[in-house]
Amino acid sequence: MNVGNPLPNAACPEDGDREQINIVIVGHVDHGKSTVIGRLLADTGSLPEGKLEDVKALCARNAKPFEYAFLLDALKDERSQGITIDSARCFFKTRKRDYIVIDAPGHIEFLKNMVTGAARAEAALLVIAADEGIRENSKRHGYLVSMLGIRQVVVLLNKMDLVGYDRQIYDSLCSEYTAFLETLQVKPIAFIPVSARDGENLVTPSKQMPWYQGPTVLDQLDAFEKKKSDIHLPLRFPVQDIYKFTEENDDRRIMAGTIETGRLSVGDEVLFLPSHKRSHIRTIEAFHTTIKTEAAAGEAIGITLDTQLYIKPGEIITRSVDTPPRVNSRFKAHIFWMGRSPLIKDKSYKLKLATCRVPVRLAEIIHVLDATDLSMTHHKKQLDRHDVGEVILETTKPIAFDPVIAIEGTGRFVIVDHYEIAGGGIILDEADNRGTLLEHHIREREVAWDKGFITPVNRSQRNSHGAKFIVFAGEQYDHVTAFAKELERRLFVNDHQTYYLGFNNLLSGIAAVVPGNIADTDDAIKKLGELARILTDAGQIFITALSGIDDYDLEILKVLNTPAEILVICLGSNTFSRFAVDLVIPTDVSIEIAIRQVYELLRKKEVVAEYFI
Amino acid sequence: MDHLDKLEAQSVYIFREAYREFKNLVMLWSIGKDSTVLLWLARKAFFGHVPMPMLHIDTHYKIPEMIEYRDKLAREWQLNILYGENTAALDRKETYPDGTCDRITCCRKLKSEALKNTLSGQWPRYRFDHRLGRYLPDTNTEQYTGVIVGVRADEEGSRSKERYFSPRDKENDWDVGDQPPELWNQFKTDFAPGTHVRIHPLLDWTELNIWEYIDREDIPLVSLYFDQGQGRRYRSLGCWPCTSPVVSQARTIKEIIAELREGKYANIAERSGREQDKEDGGGLETLRREGYM
């Protein structure tokens, strides 16, 4: 709510660009959050003129004792002058800077709103009523505040007047709550004993508690540090999208995104992860600015490269000279679950991390902080609504990320379940990637495979050729498919058991028309790998054509196709940085020569017996 | 980066998320200063291009200069612009200026209903044909699933409760009490068939920020915002029967900024000249739940 002087318009011109900081205030229901805010607004002179007197008079008329919390209710109804009210935000200012206080709902049903508000905050005030002590939400909020990445936490022990301003009660609550926060690796900056009702230790030091020598709430607010600029960290530039707008003869191919951390300049050598591709920055693009030769954290820009690279949105760009992010398909994370259905194993979810969107599965639960009694357990099989836990997540293909402690923007994520953001989390570190879900699947599949009496050797003797899975890869889809189909035709004419399958046949309706529908593409790759396993087992030379796939896709196809072998043939240039392809055929080679090269390869690999075109 | 750079970067990020995730995307254009800044930010996000159509809901009671300005900018910037309207209500004269209903009902018919049915493709859309220089019925009747809107949280109470990506259900309804979480820069970009998402790149901007940015970027505006010598100007634009100019001698952007910072409007809400706000006790919330912009 814009209370009193609406913040934006009230900024004095000589203030120029006044510093602004977002603070979240959390606490159990009735522990006095509203009173703290009301009192801060009143004591810093941030209320509309006469407001305090009005509310006091109203209370007197209704024979009700005045409470500062009523100020917030009164302000919510504020309509005179049309001042804007939002129950979630209050504005006030000190001499030092402007504050936006996010009043996060204490009730568990509003936890979604609480995390939305708190995710934008740089510091947190946690309110605990001294007479009631540490309650369920005091703990939950403590956990969430730490998980949301708020490093500056101050605990207000409120209602000290109700416990006779007793130092021993203060001391014992401090040690009890410190012990709890330690289990979450949160270390509060200060514990401030206050009585919001009486204004003790809010703006002026309390005379009732001479034993407390620390800062008042207002002192502490002004002592919070603004987040430092991230310019000096390694470059993390997540590719949000790739544009080629052709109107008005625009021929730029621009990779657009917002720089999370670090800086980049024209001419820098950059590394794309997880694809491991490299290039140099040719230009930095922006509209209606002077020509830029460098850009840094926070800027939403675009770049063009000095080479043509096939890159998908979601990759992270770093500079060759910078520490790269981790690249792994497994990571350990703290996760908070808000979904209507629980987070379970054996289900595919959508992971959104920086600009990357990929399928993800729950691989392992390490421990769970149960939502109902806040006990730590190692035996839960799922995360229920409002549970928080430490888990291992696994993506189909490796992705690039950082531990949140190193770089926040690429170290946190959300999980989407059935169109809804159902969970949020932070990455602790990469996890051991032996024993992936895929490998586990292959082991189980092969053990359970129900074989007939005919062996692969029987089949290749009957067919006079071996079985093989042949993948044609290249940037020009039409060219690649045409070639793959031609090979199928020639093999067939020469009495080979062969089958061509178009990749688009495996995509669901939507994915076939929306390019870059990654989740479905990944799904289709898996289907293709399973089909290859069956068709090669049936003795076929199974052929497909793919565009826009990467090293990891080939790795998955190779693994799923085991025990049979895969042959990868690139048409055009080899776009794979690490997967060893079997043959590269330049586009300018005639189809006759190209087919000859493929046959030569098949003969060398002992798939076909002789040369017979 | 100063505060305008930060606001701009966040808006650009939101635009790019929207463009990446929504196939049928449209931007609402009311012709006012906010939606013109919105248009400018789209050009920032897409390096000079505006790769989505812009939709104007024409109530036929807009101040005439607004429509002239709309078509002028459409021609100059080669915009892909559409308009929709509630033809039936206009033909039957079921409007406040006709004296047959109150202001809120008129807003509901000419704006909310027109918007809802134009977005869904059930009522005709008219597209500006740059070759012929006039509007023709649009052949595309697909539903728009992503709708970019230039509302700001500081405008009035109900708008401050919006998310950057705010879902609307099949009936266009907005469930204020049960909104999706927004964690860091991850928004709700997945949606069930039949629903749509309103996208708000300007949510964190204030009226003053808008003017500071117009000044910095030199964005062309309709002249109604400036005093033309009569000592009056519009602070917020809408339909002429329900929008009054304010008393002001501000003739330039800089003078408007001074007036907002420390002058007589520093503490008076922008929409104080908009009569429909005053009739709806809930601060437009009822109308907005039903799809009002």
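Residues numbered from 1 in each chain as written. Chains lettered and ligands numbered in written order. Predicted model: local features only at pLDDT ≥ 70, side-chain atom pairs only at ≥ 80, totals over all residues. Heavy atoms only, no water.

Chemist: Just to check I follow, could you spell out the overall build of chain A for this structure?
Modeler: From N to C terminus, chain A includes 15 helices and 27 strands. Classification of the 613 residues of chain A by burial places 55% in the buried group. Residue pairs at least 24 apart in sequence account for 72% of intrachain contacts in chain A once pairs closer than 6 positions are excluded. (Helix = DSSP H or I, 4+ residues; strand = E, 2+ residues; numbered from the N terminus. Buried < 20%, exposed > 50% of the residue type's maximum accessible area, 1.4 Å probe, protein only. Contact = heavy atoms within 4.5 Å.)

Chemist: What's the story with the pairing of strand β26 (residues 566–571) of chain A in this structure? I'm lost.
Modeler: It is a general feature of regular strands that their side chains alternate between the two faces of the sheet. All names here are of chain A. Counting buried positions along β26 yields six of six residues, so the element is predominantly enclosed. Taking every second residue as pointing to the same face, both faces of β26 are buried, with I566, V568 and C570 on one and L567, I569 and L571 on the other. Direction of pairing for strand β23 (residues 468–473) relative to β26: parallel, over a ladder of five bridges. Within β26, the position partnered with V471 by the bridge is V568. Pairing geometry for β26 and strand β27 (residues 583–585), over three bridges, is parallel. Considered in β27, the bridge of L571 is made with I585. (Pairing = 2+ DSSP bridges.)

Chemist: Before we go on, may I ask you to explain unusual backbone geometry in this structure?
Modeler: Negative phi is the rule for most residues except glycine; trans is the rule for most peptide bonds. The linkage connecting L273 of chain A with the following residue, P274 of chain A, adopts the cis geometry, with an omega of 15°. With respect to the helices and strands, the residue P274 of chain A is situated in the loop between β11 (269–273) and β12 (277–285). With an omega dihedral of 10°, the bond running from T562 of chain A to P563 of chain A counts as a cis peptide bond. As for its position among the elements, P563 of chain A is in the loop between α14 (551–561) and β26. Non-glycine residue Y165 of chain A carries a positive phi angle of around 50°. With respect to the helices and strands, the residue Y165 of chain A is situated in the loop between β5 (152–158) and α7 (167–183). Assessed through its relative accessible area of 13%, Y165 of chain A is described here as buried. Positioned with a positive phi, F47 of chain B is a non-glycine residue whose angle comes to about 55°. F47 of chain B sits in the buried class, given a relative accessible area of 4%.

Chemist: Even after reading the chapter, I still don't get helix α2 (residues 33–45) of chain B, so can you show me in this structure?
Modeler: Counting along an α-helix, one turn takes 3.6 residues, and residues three or four places apart therefore face a common direction. All names here are of chain B. Here α2 is 13 residues long and its end C-alpha atoms lie 18 Å apart, about the 18 Å a rise of 1.5 Å per residue gives. For α2, a buried count of 13 out of 13 residues is recorded, marking the element as mostly surrounded by other parts of the structure. The first or second residue beyond α2 is F47, which carries a positive phi of 55°. (Expected span 1.5 Å × (residues − 1).)

Chemist: I'm lost on the sheet that holds strand β9 (residues 254–258) of chain A in this one. Help?
Modeler: To summarise the sheet geometry, strands pair through backbone hydrogen bonds and adopt either a parallel or an antiparallel arrangement. With antiparallel pairing, seven strands are arranged side by side in an open sheet as β7-β15-β11-β12-β14-β9-β8 (chain A). Only two strands of the sheet have a single partner each, and these edge strands are β7 (237–238) and β8 (241–243) of chain A. Of the pairings in the sheet, the one linking β8 of chain A to β9 of chain A comprises three bridges and is antiparallel in character. By the bridge assignment for β9 of chain A, I242 of chain A is matched with M255 of chain A. In the packing of helix α1 (residues 3–21) of chain B onto the sheet, the strands contacted are β8, β9 and β14 (300–305) of chain A, and the crossing angle to β8 of chain A comes to about 80°. (Axes fitted to C-alpha atoms, helices over the stretch in contact; angles between N-to-C directions.)

Chemist: Sorry if this is basic, but what is going on with the packing of α1 of chain B against α2 of chain B here?
Modeler: The axes of two packed helices give the description: the angle between them and the distance between them. Residue and element names in this part refer to chain B. At a minimum axis distance of 9 Å, the contact between α1 and α2 shows a crossing angle of 75°. Classified by the angle their axes make, α1 and α2 are roughly perpendicular. Residues E8, S11, V12, F15 and R16 of α1 form the contact with α2, whose own contacting residues are L38, L41, A42, K44 and A45. Of the residues assigned to the contact of α1 with α2, the class counts are six nonpolar, one polar and three charged. (Parallel < 35°, antiparallel > 145°, perpendicular 65-115°, else oblique. Nonpolar A, V, L, I, M, F, W, Y, C, P; charged D, E, K, R; others polar.)

Chemist: Can you help me understand helix α11 (residues 477–493) of chain A in this one?
Modeler: Residues and elements named next belong to chain A. Between the first and last C-alpha of α11 there are 24 Å, a value that for 17 residues agrees with the 24 Å anticipated at 1.5 Å per step. Within α11, the full set of buried residues consists of V480, T481, F483, A484, E486, L487, R490 and L491. The secondary structure elements touched by the buried residues of α11 are β23, β24 (498–502), β25 (541–546), β26, β27 and α15 (591–604).

Chemist: Would you explain the pattern of salt bridges in this entry?
Modeler: As a working rule, side chains carrying opposite charge can pair if their charged atoms are close by. The tally for this structure, following the rule as stated, stands at 56 salt bridges over all chains. Between R603 of chain A and E600 of chain A there is a salt bridge, with its nearest N and O atoms 2.9 Å apart. You can see R603 of chain A and its partner E600 of chain A sitting in helix α15, three residues apart, about one turn around the helix. Looking at R603 of chain A, the relative accessible area reads 34%, which means it is partly exposed. For R216 of chain B, the salt bridge goes to E8 of chain B, with nearest N and O atoms at 3.4 Å. (Salt bridge = Lys/Arg side-chain N within 4 Å of Asp/Glu carboxyl O.)

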